[in-house]
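# Secondary and tertiary structure notes
Given next are the chains, with one letter for each unit.
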Amino acid sequence: MSSATYNAAADLLDRNLDAGRGGKLAYHDDTTQLTFAQLRDRAHQAGNALLSLGLVPEQRVMMVMLDTVDFPAVFLGAMRAGLVPVPVNTLLQPADYVHLLADSRARALVVSDHLLPKLAEAIEQSPHLEHVLVAKTSLGGPPSEHPLLEALLARASTQLDTAPTGADDVAFWLYSSGSTGKPKGAMHLHSHLLATARLYAQGVLGLLESDRVFSAAKLFFAYGLGNALTFPLAVGATTHLMAERATPAAVLRMFRERKPTVFGGVPTLFASTLAHLDSSGAAPEHALRVSTSAGEALPKHVGERWHQRFGSHILDGIGSTELLHIFLSNRPGDVRYGTSGRPVPGYDLKLSGDDGQPVADGEEGSLWVRGPTSAIGYWNQRQKSLDTFHGPWTRTGDRYIRDAEGYFTYSGRADDMLKVGGVWVSPFEVESALAAHAAVLEAAVVGHADADGLIKPKAFVVLKDPALPHPARDALVDELKVFIKSRLAPFKYPRWIEFVSELPKTATGKIQRFRLRA
Ligand code: 3UK
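Counting restarts for each chain, with residues numbered from 1 along the sequence as it is written. In keeping with the model being predicted, local features are shown solely for residues with a pLDDT of at least 70 and side-chain atom pairs are shown and tallied solely at 80 or more, while totals for entire chains, interfaces and linings include all residues. Each side-chain value is derived from all of the structure's non-hydrogen atoms; neither hydrogens nor water enter the calculation.

To continue, consider the overall build of the protein chain. Helix and strand counts for the protein chain stand at 15 helices and 25 strands. Compactness check: the protein chain gives a C-alpha radius of gyration of 23 Å against a globular reference of 24 Å for 518 residues, within 12% of the reference. When a residue's accessible area, from a 1.4 Å probe over protein chains only, is under 20% of the maximum for its type it is buried; when over 50% it is exposed; and in between it is partly exposed. Relative to its full complement of 518 residues, the protein chain shows a buried share of 57%. What sets the accessible areas is the Shrake-Rupley method with a 1.4 Å probe; for residues, cover comes only from the shown protein chains. Here the protein chain has roughly 20,600 Å² of accessible surface; of this, 51% comes from carbon and sulfur atoms. Neither His nor the chain termini are counted; the positive set is Lys and Arg, and the negative set is Asp and Glu. A single reference atom marks each charge: NZ on Lys, CZ on Arg, CG on Asp, CD on Glu. Averaging the positions of the 52 positive and the 54 negative side-chain charges in the protein chain gives two centres separated by 1 Å. For the purposes of this entry, the term helix denotes a DSSP run of H or I that reaches at least four residues, the term strand denotes a run of E that reaches at least two, and both are numbered from the N terminus. What the globule rule says is 2.2 Å times the number of residues to the power 0.38, and the radius of gyration is computed from C-alpha atoms.

Next up, the structure:
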């Protein structure tokens, strides 16, 4: 960054007006279309609305928002005003939001109407939260006493002074879950957003001003935030947003109606969309020139079948909340299905053995990354920060093998964490939830590949009553699944449950998950 002051939101908004794109369509959600000029006005109104509540720079604004045009307006408006937006997962349970509000000490919360019931408990309990704004969506929500975002926007000025931030100022946080303990807030800087656009979106993906972008991965994920906010705004492309869950039917409808040229998905969705097409027998109507996959490894056959069906490729790449976006990826004209491709130029990668020394090509090692977009640490988590961020190098927790030509193949996690549909699931959390059921003595959860080769949670359960007869056991399997779905985010439920008489353990009583995986 050349100048002493830099504000990423000002950059992302103003560059499109400076380039003469004020009248071009920037965002089109379920109900609303915004040009780049209207987006800037709306972001400025959002920034002013938040400042009018008495918020001051560096204070956090939590966003629990579905994908609508209000998301970029609030995210960018807050950042331009020097506030720190903290978008969080919309799929969590009430208790998770209690933790997130307490941990971040956010002074304000912007929540989509539809999600308000899940936030009620957290709003009531948070000692730091002073303001709640409700954003209307096409999905609707219950009546509430909190002010509507749109009412505040309507009263706010479209003139907003850019806060005198610098490239090294904290711009926003993103929460990441770990295998133990609560999610951690990764702090990102103003310089990070455009760096991901320059290195990955322009350097590798080749995103163009003429593209129409649609990301099934929602804006609250680092992956979706890059796909549907940073990247299109960096190049002046048009973005299509959808508030509802990304089912195959919904995604195919978006392909047909909005004709995106670039699509961002996760492996589970590519696989389920292919299965949906197989069963309906229909040929998909679309204009895709390229798709991206991240969140978990894309099985080789899913990429190959998609290419046959759609006539365009999926670029599998690995990114993380800590690195903000993709740092190792396949690229157009050089796709090797079954691999994560090669490093994104601008990032250095190394694979270390257990002794910390580099491993030879063809040997498995732990992946470390160095690059300009690494989070500066986790908020209020000294030990976890020290474990992950070692000077300029970041430990990913992933195991990889590099071949002699420099292509990287994923070979699993170094910890017990699972990626399910691109989203973290901690086995400990599912085990604790299972153990809360009256019939369960203890449980262990591991990843198990489904028919598409995608990992889903599988539970091994020891019953309090080892003599429980078979019909009752079958009913209990269904009951436990429902029980977990009601207590945790539903995607975390175990797809398979096996009853065992005991769990394999170490002498010190630690569950040996690796033996259950075998
Ligand atoms: C796993 C992958 C194999 C891997 C993300 C793109 O997923 C993202 O961020 P998260 O913090 O998770 C990071 C972890 O997910 N993973 C992601 N992509 C792949 N494993 N192949 C892949 N292609 O364990 C990694 O450490 O949720 C993805 C862009 C931004 C992101 N934040």
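And the narrative resumes.
Think of a 1 Å grid over the protein atoms and nothing else: a 1.4 Å probe that fits but is trapped marks a cavity, an open set flanked by protein within 12 Å on at least five of seven lines marks a pocket, and residues with an atom within 4 Å of a point count as lining. Grid points are joined across faces, edges and corners, and a volume is the space filled by probe spheres set on the points. In this model, the second largest pocket occupies a volume close to 210 Å³. Top contributing element to the lining of the second largest pocket by residue count: helix α6 (residues 149–155), with 3 residues. Following the grouping adopted for this structure description, the nonpolar residues are Ala, Val, Leu, Ile, Met, Phe, Trp, Tyr, Cys and Pro, the charged ones are Asp, Glu, Lys and Arg, and the polar ones are all others, Gly among them. In the lining of the second largest pocket, the residues fall into 3 nonpolar, 5 polar and 6 charged.

Moving on, we come to the packing of helix α7 (residues 190–205) against helix α8 (residues 222–235). Packed helices, taken two at a time, are described by their axes: the angle between them and the distance between them. Packing of α7 against α8 leaves a shortest axis separation of 9 Å and a crossing angle of 90°. Classified by the angle between their axes, α7 and α8 sit roughly perpendicular to one another. Residues L193, L194, T196, A197, Y200, A201 and Q202 of α7 touch α8, and the partners they reach there are L225, T230, F231, A234 and V235. In terms of residue class, the contact of α7 with α8 is made up of 9 nonpolar, 3 polar and no charged. Here an angle of 0 to 180 degrees is reported between the N-to-C directions of two axes, which are lines fitted to C-alpha atoms, with helices fitted over the stretch in contact. Oblique is the label for any angle not under 35 degrees, not over 145, and not in the 65 to 115 range, which are roughly parallel, roughly antiparallel and roughly perpendicular in turn. A contact between two residues is defined here by any heavy atoms of the two lying within 4.5 Å.

Now for the nonpolar core. It is characteristic of soluble globular proteins that their nonpolar side chains tend to be buried jointly. Ranked by internal contacts, the top residues of the largest apolar core, which has 106 residues, are F75, L193 and L229. If you tally residues by element for this core, the top one is α8, at 9 residues. Ignoring anything within four residues of it in the chain, the contact list for L193 reads A8, L12, F75, M79, F172, L225, T230 and L324. The definition of a nonpolar core used throughout is a set of buried Ala, Val, Leu, Ile, Met, Phe, Trp, Tyr and Cys residues joined through side-chain atoms within 4.5 Å. In this structure, L66, V86, Y97 and L115 belong to the second largest nonpolar core, which totals 27 residues.

This next bit is on empty space enclosed by the protein. By rolling a water-sized probe across the atoms, one finds the places where empty space is left. According to the stated counting rule, one finds 1 cavity of 30 Å³ or more in the structure shown. Here the largest cavity defines a volume of roughly 70 Å³. Lining of the largest cavity is provided by L205, L207, V213, F214, N227, F231, V262, F263, G264 and T292. When residues of the lining of the largest cavity are traced back to their parent elements, those giving at least two are β9 (212–215), α8 and β11 (262–265). When residues of the lining of the largest cavity are assigned to their parent elements, the largest contribution, 3 residues, is made by β11. For the lining of the largest cavity, the per-class residue count stands at 7 nonpolar, 3 polar and no charged.

In this text, near means that some heavy atom of the residue lies within 4 Å of the molecule or strand in question. Contacts to the ligand come from 22 residues, most closely from D316, G317, T321, D398 and K419. In the environment of the ligand, a nitrogen atom lies 2.9 Å from a nitrogen or oxygen atom belonging to the backbone of G295. Contact with the protein chains removes 96% of the 610 Å² of surface that the ligand exposes when unbound. Every element with two or more residues in the shell around the ligand is listed here: α8, β13 (313–319), β19 (393–402) and β20 (408–413). Of the residues that constitute the shell around the ligand, the class distribution is 10 nonpolar, 7 polar and 5 charged. As used in this structure description, the phrase polar contact means that two N or O atoms lie within 3.5 Å; if the pair is within protein, one of them must be able to donate a hydrogen and the other to accept it, and residues adjacent in sequence are counted only when both atoms belong to side chains.

Turning next to helix α13 (residues 427–435). Within α13 the residues assigned to the buried category are P427, V430, E431, A433 and L434. Within α13, the buried residues cover an arc of 165° as seen down the axis, which keeps them to one side. Buried residues belonging to α13 abut β22 (423–425), β23 (440–449), β24 (455–463), α14 (470–487) and α15 (513–517). Think of the arc as the fan of directions from the helix axis to the C-beta atoms.

Now for the domain arrangement of the protein chain. Under the domain assignment used here, the protein chain contains domain 1 (8–167), domain 2 (198–413) and domain 3 (426–517). Computed from C-alpha atoms alone, the centre-to-centre distance between domain 1 and domain 3 is 39 Å. As used throughout, domain bounds are those supplied by an automatic or database domain assignment.

On to helix α1 (residues 8–18). Among the 11 residues of α1, 8 are classified as buried, and the element is accordingly described as predominantly covered. All of the buried residues in α1 are A8, A9, A10, D11, L12, L13, D14 and N16. For α1, the elements touching its buried residues are α2 (36–52), α3 (70–80), α7 and α8. Immediately beyond the C-terminal end of α1, within one or two residues, lies G20, with a positive phi of roughly 80°.

A separate point is the packing of aromatic side chains. Ring pairs are drawn from Phe, Tyr and Trp, using the six-membered ring of Trp, whenever the two centres fall within 6.5 Å, and their geometry is named by plane angle: stacked under 30 degrees, edge-to-face over 60, tilted for the rest. Applying the stated criterion across every chain, the model contains 17 aromatic pairs. For the pair F71 and F75, a centre-to-centre distance of 6.2 Å together with 25° between the ring planes defines the contact as stacked. With a gap of 4 residues between them, F71 and F75 both fall in helix α3, about one helical turn apart. With a relative accessible area of 0%, F75 lands in the buried category. The structure contains a cluster of three or more aromatic residues connected by ring pairs, namely F214, F255, F263, F270, W306 and F310. Note on geometry: a ring has a charge over it if NZ (lysine) or CZ (arginine) is within 6 Å of the ring centre and within 35 degrees of the ring normal. Positioned over the ring face of F428 is R513, at 4.4 Å from the centre of the ring.

Here we take up the pattern of salt bridges. Salt bridge, as applied in this entry: a Lys or Arg side-chain nitrogen positioned within 4 Å of an Asp or Glu carboxyl oxygen. A complete count under the given rule lists 27 salt bridges for this structure. Of the charged contacts, one joins R107 and E130 as a salt bridge, the two residues approaching to 2.3 Å between their closest N and O atoms. On the criterion of sequence distance, the pair formed by R107 in the loop between α4 (94–104) and β5 (108–112) and E130 in the loop between α5 (116–125) and β6 (131–135) is long-range, its members being 23 residues apart. Among the ionic pairs, K259 bridges to E285, the shortest N-O distance being 3.5 Å. Note that K259 is positioned in the loop between α9 (248–258) and β11 and E285 in the loop between α10 (267–280) and β12 (290–293), a separation of 26 residues in sequence. Judged by relative accessible area, which is 27%, K259 ranks as partly exposed. On the accessibility criterion, E285 (45% relative accessible area) is partly exposed. Bridged by salt links that share partners, the residues D416, E431, R513 and R517 form one connected network.

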